[in-house]
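# Fold and geometry: a report
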Amino acid sequence: MLELKNINTYYGEFHAIRDISFKVNQGDFFLVVGPNGHGKSTLLKTICGLLRTASGQIVFNTAEITRAATDKIVEMGLVYVAEERHLFPQMTVLDNLKLGAYNTNARAKEQESLEYVFHLFPQLSEFKNRYAATLSGGEARMLTLGRGIMSCAKLLAIDEPSFGLAPILRNEVFDKINEINSSGMTVLLVEQNVNQVVDFADRICLIEDGCIVFDGPREEALLNEHLKDVFLGGSYR
Ligand code: ADP
Ligand code: MG
């Protein structure tokens, strides 16, 4: 569904993403892990057209998107859910959600998507007329996910949804992402909190210093000594 072939991203002279290739299959829960500052967000931003790769190719559902504009990429169904909240605090929950459906494809399905989002996140339905500013951290995170779904996503690329949340709320967010994936949506998730999410992943890719140092199915990742040492301290099961 999504294929990266030899992607290289620079910030000026700094080589942040180094020759990364991988494939995300339709329906997969693809988890990208790696220490802070090693290129995970840069990778997602490159995929979603917010940054440009210096070479290589990105293919989404048979179309090449390497140099496509972000709004076109969104319209094709590849939707980036940023780490930062990017919500409009002085707009209601409902209006924030509707903003997710600005492209033509999404607008046509707005009502249907809204029903799904409210089914998935009953709290958002309850608070739909409140300003986004009044939401708790966990609720705001749910709203960013909901807004991604409103864009008629086929693949949700989610950056560190657990960032800044208490452990119990992190679990809630991860459970919801798993539910979204179980409903058929392909998920590409970037996370540092591996322990709480590893069980949901079909495939795990470890990035260090902008390079892939491991890419394989979860079963293989669980046996990988380096992955255990770096992130999980061996005590994640
Ligand atoms: P991660 O998401 O894994 O924490 P990032 O992709 O945000 O890492 O950053 C990877 C590297 O690129 C880091 O060394 C970071 O300092 C650098 N970097 C990130 N954003 C910029 C930027 N806008 N300009 C220059 N360097 C950046
Ligand atoms: Mg990041």
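Higher on the page you've got the structure.
Residues numbered from 1 in each chain as written. Chains lettered and ligands numbered in written order. Predicted model: local features only at pLDDT ≥ 70, side-chain atom pairs only at ≥ 80, totals over all residues. Heavy atoms only, no water.

The subject of this paragraph is the pairing of strand 6 (residues 78-81). Both faces of strand 6 are covered, namely the face carrying Leu 78 and Tyr 80 and the face carrying Val 79 and Val 81. In this structure, strand 6 lies alongside strand 7 (residues 155-159), joined through 4 bridges in parallel fashion. Within the sheet, the bridge partner assigned to Tyr 80 lies in strand 7 and is Ala 157. (Buried < 20%, exposed > 50% of the residue type's maximum accessible area, 1.4 Å probe, protein only. Helix = DSSP H or I, 4+ residues; strand = E, 2+ residues; numbered from the N terminus. Pairing = 2+ DSSP bridges.)

Every residue lining ligand 1 is accounted for by Tyr 11, Phe 14, Pro 35, Asn 36, Gly 37, His 38, Gly 39, Lys 40, Ser 41 and Thr 42. In this structure, Gly 39 approaches ligand 1 through a main-chain N or O atom, which is 3.0 Å from an oxygen atom. Protein contact buries 58% of the 560 Å² of open area that ligand 1 shows by itself. It is helix 1 (residues 40-47) that contributes the most residues to the shell around ligand 1, 3 residues altogether. Class assignment for the residues of the shell around ligand 1 results in 3 nonpolar, 6 polar and 1 charged. (Near = heavy atom within 4 Å. Polar contact = N/O pair within 3.5 Å; in protein donor to acceptor, adjacent residues only side chain to side chain. Areas by Shrake-Rupley, 256 points an atom, 1.4 Å probe, with all protein chains shown as cover. Nonpolar A, V, L, I, M, F, W, Y, C, P; charged D, E, K, R; others polar.)

Right, let's talk about the packing of aromatic side chains for a bit. All chains considered together, the criterion is met by 2 aromatic pairs. When the centroid spacing of 4.8 Å and the interplanar angle of 25° are considered together, the rings of Phe 22 and Phe 30 count as stacked. Neither residue differs from the other here; Phe 22 and Phe 30 are each classed as buried. Here Arg 130 stacks its cationic end above the ring of Phe 127, 3.8 Å away from the centre of that ring. (Phe/Tyr/Trp six-rings, centres within 6.5 Å; stacked < 30°, edge-to-face > 60°. Lys NZ or Arg CZ within 6 Å of the ring centre and 35° of its normal.)

The strand order 6-7-8-3-9-10 describes an open sheet built from 6 strands, whose pairing is mixed. Both edges of this open sheet fall to strand 6 and strand 10 (211-217), since each of them pairs with a single strand only. Each strand of the sheet is rotated relative to its neighbour by a mean of 15°, with strand direction disregarded. For strand 3 (residues 29-33) and strand 9 (residues 203-208), the ladder comprises 4 bridges, and the chain directions are parallel. Across the sheet, the residue bridging to Val 32 is Cys 205, located in strand 9. (Axes fitted to C-alpha atoms, helices over the stretch in contact; angles between N-to-C directions.)

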